[in-house]
Amino acid sequence: MKRVYAREEYCVGCKLCEIYCIAAHSKYKNDLVKTFKKEANPPISRILVEESRPVSFALQCRHCEDAPCTKACIVGAMQKNPKTGVVTNEEERCVGCWTCVLVCPFGAITRDERGHKVASKCDLCSDNSQMPACVEHCPNRALVYSEYVSNNGTK
Amino acid sequence: MHYVIIGNSAAAVGAVEGIRKVDKENPITLISDEPYHTYSRPLISYFLAGKVTEEKMLYRGQDFYQKNTVTTLLGQKAIAIDTDSKEVRLENNEVLVYDKLLVATGGTPFIPPMAGLEKKNVFTFIKKDDVKAISKVVATGKKAVIVGAGLIGLKAAEGLSSLGVDVTIVELANRVLSAILDEDGADIVRKHLEKRGIKFELNTSVEAITGGEEAQGVTLKNGKSISADLVIVAVGVRPNTEVAENSKIAVNRGIVIDEKCQTSIQSVYAAGDVAEGYDLIFAQNRVLPILPNAYCQGETAGLNMAGSESIFSGGFAMNSIGFYGLPMITAGIVKPEGNGYEVLVELVPEQSLYKKIILKDNIVVGFIYLNKVDRAGIITSLIREKTNVVDFKEKLLKDSFGYIDLPQQLRKSKLLKGDSMSCW
Amino acid sequence: MSINCLTPAFLIERDKDRCIDCQVCVRQCANEAHRWDEEEQRVFSEDANCVNCHRCVVMCPTKALHIKKFPLEFRYNANWTQEAMRAIYLQAETGGVLLTGMGNDRPYPIYWDHMLLNASQVTNPSIDPLREPMELKTYLGRKPDFLKIKNGKLLEDIPPQLELELPIMFSAMSFGSISLNAHKSLAAAAKKAGTYWNTGEGGLHKDLVEHGDHTIVQVASGRFGVDADYLKTAAAIEIKIGQGAKPGIGGHLPGEKVGEEVSQTRMIPLGTDAISPAPHHDIYSIEDLRQLIYSLKEATEYQKPIFVKIAAVHNVAAIASGIVRAGADVVAIDGFRGGTGAAPLRTRDSVGIPIEFALAAVDTRLREEGIRNKVSLVVGGSIRNSSDIVKAVALGADAVYIATSALISLGCHMCQKCYTGKCNWGIATQDPQLTKRLNPEIGAERAANLLKAWAHEIEELLGGMGINALESLRGNRLMLRGIGLTDRELNILGIKAAGE
Ligand SMILES: Cc1cc2nc3c(=O)[nH]c(=O)nc-3n(C[C@H](O)[C@H](O)[C@H](O)COP(=O)(O)OP(=O)(O)OC[C@H]3O[C@@H](n4cnc5c(N)ncnc54)[C@H](O)[C@@H]3O)c2cc1C
Ligand code: SF4
Ligand code: SF4
C-alpha cells in the first residue's frame with residue numbers, strides 16, 4: 001500500500017506538516033486561520049516532527065501490514081481496512097486505555113484527552129483527499145507518499 | 001474441514017479472523033458458555049461504572065459471526081475433548097466432531113481458601129454476568145470489600161467507587177499491582193487511589209467473610225474486621241484448563257503450546273489466558289493473561305489451523321491501564337531480582353511521575369511508565385527486538401525519547417519496516 | 001557597552017488577523033528575527049535581525065508576514081544618503097572592511113536595457129519555432145583558420161570542443177561558498193539540459209564525479225582540490241584569473257566553513273582558512289599564463305578545451321587578445337555586476353566595467369586582429385533573462401555564464417548576506433541545519449526549468465528575426481539598436497541607434 005515516507009536529509013523542521021494535519025482534522029477543514037483562531041480546542045497533530053538539530057523528520061503511523069495496535073486494542077476499535085490497508089481508530093468506541101500506545105513500535109499514537117479520551121493517529125487523510133495533507137504541504141519533498149522508497153529516496 | 005473453537009473472546013476472535021484470512025469457506029463452530037455476542041472483557045469495569053453500554057462493549061460488530069460464517073453455540077459449555085475420535089462433548093451431551101480444534105477457554109478466577117465464600121453477595125469479577133449480579137446490589141453508600149489489589153481488583157474498585165460505593169481493598173502483598181509495579185510505582189498509585197477515597201489493607205488477607213446468609217463484612221488475618229455489603233474476590237485468574245483435563249492434551253499450569261500455538265496433540269490448538277506459550281523475556285513457556293497476547297496467539301492458531309504456516313515468536317507481560325486519569329504502562333521485568341541488571345530511574349512522586357527502565361546486557365527487559373506514557377511502544381519494541389541500546393542508553397529516559405535518538409541506520413531500517421511488522 | 005547608532009534596516013509586520021502562532025517563521029529564520037515568547041504565548045519580531053531574505057514570508061502558511069523598509073526618515077540629503085551614513089555607523093562600530101555578497105547593486109546603467117532587437121517584417125519572413133526546427137547548439141573551443149579536406153575527409157583534427165545544447169552554462173561557484181546541495185542541483189540540471197556547470201575554485205565533491213562529463217573544473221590561485229583526477233574527470237578546465245565582483249582581489253573562506261566535506265574536497269586541513277591569493281603566484285605575464293595553459297593541456301592530453309576567466313576591467317580587450325595568443329580555447333569575461341559569495345563592498349561597487357562594453361570591445365579587437373576564430377567568448381555578470389542572452393550573442397558572445405539567475409532559480413532572494421554563512425535558503429551556507437533546505441531534486445528541476453524556458457524564449461526571439469540557428473546571430477550587431485545611448489557608447493558597442 002502507499003505510505004508516507006520521511007526523508008530526513010530534506011526535512012527542514014518547519015512543522016508545516018503538523019500544522020496542516022491539525023487543520024485537515026479540524027471542523028474547519030483545511031482553513032488554517034479558523035482552525036487555530038476559532039476552534040476552542042484544535043485537534044492534536046497526528047504527525048510528529050522529531051528534531052535534534054540538524055536532524056529532523058516527521059513520523060506518523062506506518063499502517064503496519066500486521067498492525068500490532070489492531071491486535072492489542074481491547075475493544076476492537078482499532079482496525080485495518082482490508083481493502084485500503086489504512087489503520088484507523090473508531091473513536092466512538094475507543095475508551096482511551098492506551099494499550100495501542102503500549103504496542104505501537106513507532107510511538108505513532110497520541111493520547112487525545114480533549115474530550116472523551118481517544119487514541120489519535122494518522123488516517124492518511126483517507127476521508128479527505130487523494131494526498132495526505134502533510135505530504136501535500138511539505139515544502140521540501142521531505143515526505144513522499146508512495147509504495148516504497150529506498151534509503152536514498154529513490155522509488 | 002470443520003473448525004471448532006471453544007471460547008468467544010479475544011483468542012477465539014483472533015482465531016476466526018486468522019482462519020478467514022486463509023480459508024473463506026469451511027465451517028467454523030464456536031462454543032461459549034457465556035450467552036453473549038463476543039464482548040471486550042476488560043470493559044466490564046467500565047460497564048459496571050456505566051461508562052459504556054452493553055452495546056458499546058462488543059468486541060466485534062453485530063455482523064461478525066455472519067460475515068465470517070461462524071455457527072455459534074452460545075450459552076453451551078464444552079465439558080470434554082476426545083482427541084482420538086476428534087470430538088468435543090457439550091454439557092447437554094451433544095457431540096461435535098472437529099478436524100481442527102482451538103481451546104480458548106480463557107481464565108477462571110483464582111479463589112483462595114477463606115471461610116464464608118458461599119454467602120450471598122460474594123462475587124468474582126471477570127464476566128459480564130458478574131457485573132450484572134454486582135449491579136443489582138450496589139448503590140451509593142454501600143460498602144464493598146475487594147480481595148486483591150491486582151489489576152482486576154483495582155479496576156473493580158474504580159468502577160464501584162465511581163458509583164458511590166465505599167471501597168476497601170485487602171491485599172496480601174506489601175503493595176498494589178504487585179505483578180506489574182515495584183514499590184515506588186505502587187506507592188504513587190495507591191496514594192492516587194486513596195485520594196479518591198479508596199482504602200487499603202496491605203500485608204494481610206481475609207480470614208473469613210462474615211455475616212449470615214448474606215455477606216456483612218470480613219475479618220482479616222491482622223485482626224481487623226471491616227463491614228461490607230458485598231465482597232469481590234479478585235485475587236487473580238488461572239488458566240481455565242478444565243475442559244482439557246481428562247484428555248491427552250498436555251497441561252502444565254496452562255495448556256502447553258508451541259510457536260504455532262498447537263498443543264501436544266496434532267490438530268488441537270490453544271490460545272489466550274488458558275495457554276502457556278513462549279515468553280520472550282523469560283525464554284520459557286509462561287501463562288500471559290493479557291489481551292494482545294490472546295489475540296495474537298488466537299490469530300496464529302487460526303492461520304495454522306487453516307493450513308498456512310504461521311509462527312508467533314512469543315509474548316511477554318505488558319499492560320496499559322489507568323485509574324482516575326493516572327495512566328501507566330508497564331512491560332517485562334519491572335522489579336529485577338538477581339545480578340546483571342541495570343536500572344534507569346526518574347521519580348517525581350509529587351507529580352505522580354515515574355519512569356523506570358530495566359536493562360540486562362544493554363538490552364531492555366522491562367519498564368514502568370507512570371503518568372508520562374507517551375510513545376511507550378518504542379520501548380516495548382526495543383524489548384521485543386532485543387535491540388542493543390548501548391549507543392543511546394542515556395537518552396532512554398528523556399521525555400522526548402524517540403526515533404531521533406536511535407542511530408541513523410537503525411532508525412531508517414525500523415521506519416521502513418511498516419511493510420513487514422509482524423504480529424505482537 | 002556603548003551606543004550603537006545602527007537602526008534596523010527592515011520592519012517585520014505580522015498581520016494579527018492571520019498569524020496563527022504556528023512558529024514556522026521562528027523555526028525557519030537563521031537570523032533569529034522571530035522569537036516565540038513562552039510567557040505571552042505568541043510570536044514576536046526582532047526587526048534588527050531581519051535581512052529581508054523572505055524565507056519566513058514564503059513559508060508562513062497564512063501569509064501573515066510583510067517585510068518593509070524600516071520607516072525611519074533620515075533628514076533629506078542628496079549627498080549624505082542613508083546608505084552612506086549607515087556604512088559609516090557600521091565601520092565606526094567594527095573598524096572593519098565592509099563585506100557584502102552577490103553582485104553590484106548600484107544604479108549604474110544596464111546596457112542590455114538600452115539595446116533593442118530586430119524582427120522580420122514582410123521580407124525575410126519570421127519563423128515559428130514550434131513548427132520549424134531551430135538550432136541553439138553551440139560549440140565552444142578554438143576553431144581552425146581553415147579546413148583541409150581530402151576525399152570528403154578532414155585531414156587535421158579539430159581542436160577539442162565543448163558541445164552545448166543551448167548557449168547557457170552555470171558559472172563558477174565554489175563548494176564552500178555554496179552548499180553541496182546547490183552543486184548537486186546545478187550539476188544535475190546541466191546534465192539534463194545538455195550543458196555545463198562549473199565547480200568554482202573549491203574542488204569537485206566525490207558525489208559529483210559522476211557528472212564529470214558536464215563539469216568545468218576551475219584552477220584558481222589557491223589551487224584547491226586540483227589533482228590529476230580532477231582535471232581528467234572534467235569536460236573542460238577553467239583558469240580563474242579574476243571575478244567581476246572583485247577584480248584584483250583574492251578569496252578567503254573562513255575556517256568555520258571548512259568542515260569535513262569542504263576540507264576533503266578542497267584538499268586542505270579541516271577548519272583551516274582557505275585563502276586564494278589575489279594573483280596566481282606563478283603568473284606575472286602572458287607567457288606565464290601560457291605555461292599554465294599548456295601544462296593543463298599536457299596533463300589532459302590536449303583533449304579538453306582550456307578556459308581563462310577574467311574580470312571585465314579597463315584594458316580588457318588587450319588582455320583578452322593576450323590570453324588568446326597564450327593558447328586559451330575559451331575566454332570567459334565576468335562583468336562588474338557579477339555575483340560573489342563575499343567581497344569587499346567598495347571593490348564590488350566601484351571596480352570593473354559593464355560586461356556589455358567589455359564584450360563589444362573584446363569581440364571587435366579579436367576580429368581586428370584576425371584571431372576571433374581562435375577562441376570562444378563566454379560572458380557573465382548579471383545575465384538576467386533570455387533577451388540579455390540574445391543581445392549578448394548578437395554583440396559577439398558564443399555563450400553566457402549564469403550564476404545569480406541560477407541561484408535565484410534555487411530560491412535565492414538576494415538578501416546579499418551570503419558572506420554570513422546563514423543563507424536561509426540553504427544555498428550559500430555550510431550549516432547542515434540550513435543546507436538541507438535545498439533539496440537537490442527540487443533544485444535540479446527548477447534550474448533545468450529555467451534553462452528550458454529561456455531556450456524556448458531564445459528560439460522565439462530568433463524566429464522573430466527570421467533566424468533559425470543561433471550561429472547566424474553570433475556577432476550580428478545589425479540585429480541590435482541602441483536606445484538612450486550617447487554616440488560614444490553606441491560606438492563602443494558597435495551598434496546603430498534606434499531609428500537608424
Ligand atoms: C476486569 C478485567 C480487566 C482486564 N483488563 C485488561 C486490560 O486492560 N488489558 C489487557 O491486556 N488485558 C486485560 N484483561 C485480560 C483480558 O481480558 C484477557 O487476557 C483476555 O480476555 C483473554 O482472552 P481469552 O480469549 O484468552 O479468554 P477469555 O476472555 O477469558 O474468554 C474465554 C471465553 O471462553 C468461554 N469458556 C470458557 N470455558 C468454556 C467451556 N468449557 N465451554 C465453552 N466456553 C467456555 C468463557 O465463557 C469466555 O467467554 C482484563 C481482564 C479482566 C477480567
Ligand atoms: S513539512 Fe516537511 S520539511 Fe517541514 S517539518 Fe514536516 S516533513 Fe519536515
Ligand atoms: S498505529 Fe502504530 S502499530 Fe498501529 S498500524 Fe500505525 S504504526 Fe502500526
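The shown structure was predicted, so the numbers you read here are calculated from the model rather than taken from an experiment. (Residues numbered from 1 in each chain as written. Chains lettered and ligands numbered in written order. Predicted model: local features only at pLDDT ≥ 70, side-chain atom pairs only at ≥ 80, totals over all residues. Heavy atoms only, no water.)

Chemist: What's the story with the nonpolar core in this structure? I'm lost.
Modeler: Across soluble globular proteins, nonpolar side chains show a tendency to be buried alongside one another. Residue and element names in this part refer to chain B. Counting residues in each nonpolar core, the largest one holds 169 residues, and the members touching the most others are Val-189 and Leu-396. It is helix H1 (residues 10-22) that provides the largest number of residues to this core, a total of 7 residues. Filtering out sequence-adjacent residues up to four positions away, Leu-396 remains in contact with Leu-344, Ile-357, Leu-359, Val-364, Tyr-369, Ile-379, Leu-382, Val-389 and Phe-401. (Core = buried A, V, L, I, M, F, W, Y, C linked by side-chain atoms within 4.5 Å. Buried < 20%, exposed > 50% of the residue type's maximum accessible area, 1.4 Å probe, protein only. Helix = DSSP H or I, 4+ residues; strand = E, 2+ residues; numbered from the N terminus. Contact = heavy atoms within 4.5 Å.)

Chemist: Quick question: what am I supposed to make of the site of ligand 2 here?
Modeler: The full set close to ligand 2 counts 13 residues, and Cys-11, Cys-14, Lys-15, Cys-17 and Cys-138 of chain A are the nearest of them. Taken together, the residues that form the shell around ligand 2 break down as 11 nonpolar, 1 polar and 1 charged. (Near = heavy atom within 4 Å. Nonpolar A, V, L, I, M, F, W, Y, C, P; charged D, E, K, R; others polar.)

Chemist: Any chance you could explain the packing of helix H7 (residues 286-299) of chain C against helix H8 (residues 316-325) of chain C here in plain terms?
Modeler: Helix packing for two helices is described by the angle between their axes and how far apart those axes are. Residues and elements named next belong to chain C. At a minimum axis distance of 9 Å, the contact between H7 and H8 shows a crossing angle of 45°. Classified by the angle their axes make, H7 and H8 are oblique. Note on packing geometry: the crossing formed by H7 with H8 is right-handed. In this structure, H7 uses Ile-286, Leu-289, Arg-290 and Ile-293 to contact H8, whose residues at the interface are Ile-319, Gly-322, Ile-323 and Arg-325. Broken down by class, the residue content of the contact of H7 with H8 amounts to 5 nonpolar, 1 polar and 2 charged. (Axes fitted to C-alpha atoms, helices over the stretch in contact; angles between N-to-C directions. Parallel < 35°, antiparallel > 145°, perpendicular 65-115°, else oblique. Left-handed = near helix turned anticlockwise from the far one by under 90°.)

Chemist: Looking at this structure, how should I read the site of ligand 1?
Modeler: Among the 35 residues in the neighbourhood of ligand 1, the closest are listed as Ser-9, Asp-33, Glu-34, Arg-41 and Asp-273 of chain B. More than a single chain frames ligand 1: its nearby residues are located in chains A and B. The contact in question runs from a nitrogen atom of ligand 1 to an N or O atom on the backbone of Ala-78 of chain B, over 2.9 Å. Taking Ile-290 of chain B, its main chain carries an N or O atom lying 3.4 Å from an oxygen atom of ligand 1. About the coverage of ligand 1: the protein hides 95% of its 980 Å² of free accessible area. (Polar contact = N/O pair within 3.5 Å; in protein donor to acceptor, adjacent residues only side chain to side chain. Areas by Shrake-Rupley, 256 points an atom, 1.4 Å probe, with all protein chains shown as cover.)

Chemist: I tried to follow the arrangement of the chains on my own but got confused; where do I start?
Modeler: The interface with the highest contact count, out of 2 pairs of chains in contact, is the one between chains A and B. The two units chain B and chain C remain apart, with a minimum C-alpha distance of 15 Å.

Chemist: I'm lost on the pattern of salt bridges in this one. Help?
Modeler: Opposite charge on two side chains allows them to pair when their charged atoms are near. Residue and element names in this part refer to chain B. Following the criterion strictly, the structure yields 70 salt bridges over all chains and no others. When the shortest N-O distance is used, the salt bridge between Lys-199 and Asp-166 registers 3.0 Å. With Lys-199 in strand E12 (residues 199-201) and Asp-166 in strand E11 (residues 166-170), this pair connects stretches of sequence that are 33 residues apart. Residue classification places Asp-166 among the partly exposed positions, given a relative accessible area of 24%. (Salt bridge = Lys/Arg side-chain N within 4 Å of Asp/Glu carboxyl O.)

Chemist: Where do I start with the packing of aromatic side chains in this structure?
Modeler: One pair of aromatic rings is described through two measures. These are the centre distance and the angle between the planes. Residue and element names in this part refer to chain B. With the rule as written, the count across this model stands at 8 aromatic pairs over all chains. Centroid distance Tyr-36 to Tyr-39: 6.2 Å. Interplanar angle 80°. Geometry classified as edge-to-face. The exposure class assigned to Tyr-36 is buried, which follows from its relative accessible area of 15%. Ring centres of Phe-392 and Phe-401 lie 6.2 Å apart, and the angle between their planes is 15°; this geometry places the pair in the stacked category. In terms of burial, Phe-392 and Phe-401 fall into one category: buried. The side chain of Arg-60 reaches across the aromatic face of Tyr-59, ending 4.5 Å from its centre. One Lys or Arg, Lys-355, reaches over the ring of Tyr-369 and ends 4.9 Å from the middle of that ring. (Phe/Tyr/Trp six-rings, centres within 6.5 Å; stacked < 30°, edge-to-face > 60°. Lys NZ or Arg CZ within 6 Å of the ring centre and 35° of its normal.)

Chemist: What is the right way to look at the pairing of strand E1 (residues 3-6) of chain B in this model?
Modeler: Along any regular strand, the residues point their side chains to alternate faces of the sheet. Residues and elements named next belong to chain B. Residue alternation in E1 divides its side chains into two sets, Tyr-3 and Ile-5 and Val-4 and Ile-6, and both sets are buried. Judged from the 4 bridges that link them, E1 and strand E2 (residues 28-32) form a sheet pairing that is parallel. Bridge pairing links Val-4 to Thr-29 in E2. Each parallel crossover has a hand, and the one from E1 via H1 to E2 is right-handed. As paired elements, E1 and strand E7 (residues 100-103) share 4 bridges and run parallel to each other. Across the sheet, the residue bridging to Ile-6 is Val-103, located in E7. (Pairing = 2+ DSSP bridges. Right-handed = clockwise from strand over helix to strand, strands pointing away.)

Chemist: Help me understand the interface of chain B and chain A, please; the structure alone is not making it clear to me.
Modeler: Size of an interface, as often reported, equals the accessible area lost when the parts are brought together. Contact with chain B, which involves 49 residues of that partner, is made by 42 residues of chain A. Approximately 3,700 Å² of surface area, both sides summed, lies buried where chain B meets chain A, with 56% of it carried by carbon and sulfur atoms. Seen at the junction of chain B and chain A, the total is 5 salt bridges. As a salt-bridge pair, Glu-299 of chain B and Lys-71 of chain A come within 2.5 Å of each other at their nearest N and O atoms. Contributions of two or more residues to the side of chain B that touches chain A are made by helix H7 (291-305), strand E22 (318-323), strand E23 (326-332), helix H8 (376-384) and helix H9 (408-415) of chain B. (Buried area = accessible area lost by both parts, 1.4 Å probe.)

Chemist: Would you mind going over the domain arrangement of chain A with me for this structure?
Modeler: All names here are of chain A. According to the domain assignment, chain A consists of domain 1 (1-60 + 126-155) and domain 2 (65-121). If you average the C-alpha positions of domain 1 and of domain 2, the two centres end up 19 Å apart. Listed as interface residues are 11 residues of domain 1 and, on the opposing side, 14 residues of domain 2. Both faces combined, the contact of domain 1 with domain 2 buries some 970 Å², and carbon together with sulfur accounts for 50% of it. Considering only the side of domain 1, the residues that lose the most area to domain 2 are Met-1, Ile-44 and Arg-46, jointly responsible for 52% of the buried surface there. There are 2 salt bridges connecting domain 1 and domain 2. (Domains from an automatic or database assignment.)

Chemist: When you look at helix H14 (residues 440-464) of chain C in this model, what are you seeing that I'm missing?
Modeler: Think of an α-helix as turning once every 3.6 residues; residues three or four places apart then point the same way. Residue and element names in this part refer to chain C. Helix length check: H14, at 25 residues, gives a terminal C-alpha distance of 36 Å against a target of 36 Å (1.5 Å per residue), a fit within 8%. Between the side-chain oxygen of the N-cap and the backbone nitrogen of Glu-441 there are 2.9 Å, and the N-cap of H14 in question is Asn-439. Looking one or two residues past H14, Gly-466 carries a phi angle of roughly 75°, positive in sign. (Expected span 1.5 Å × (residues − 1).)

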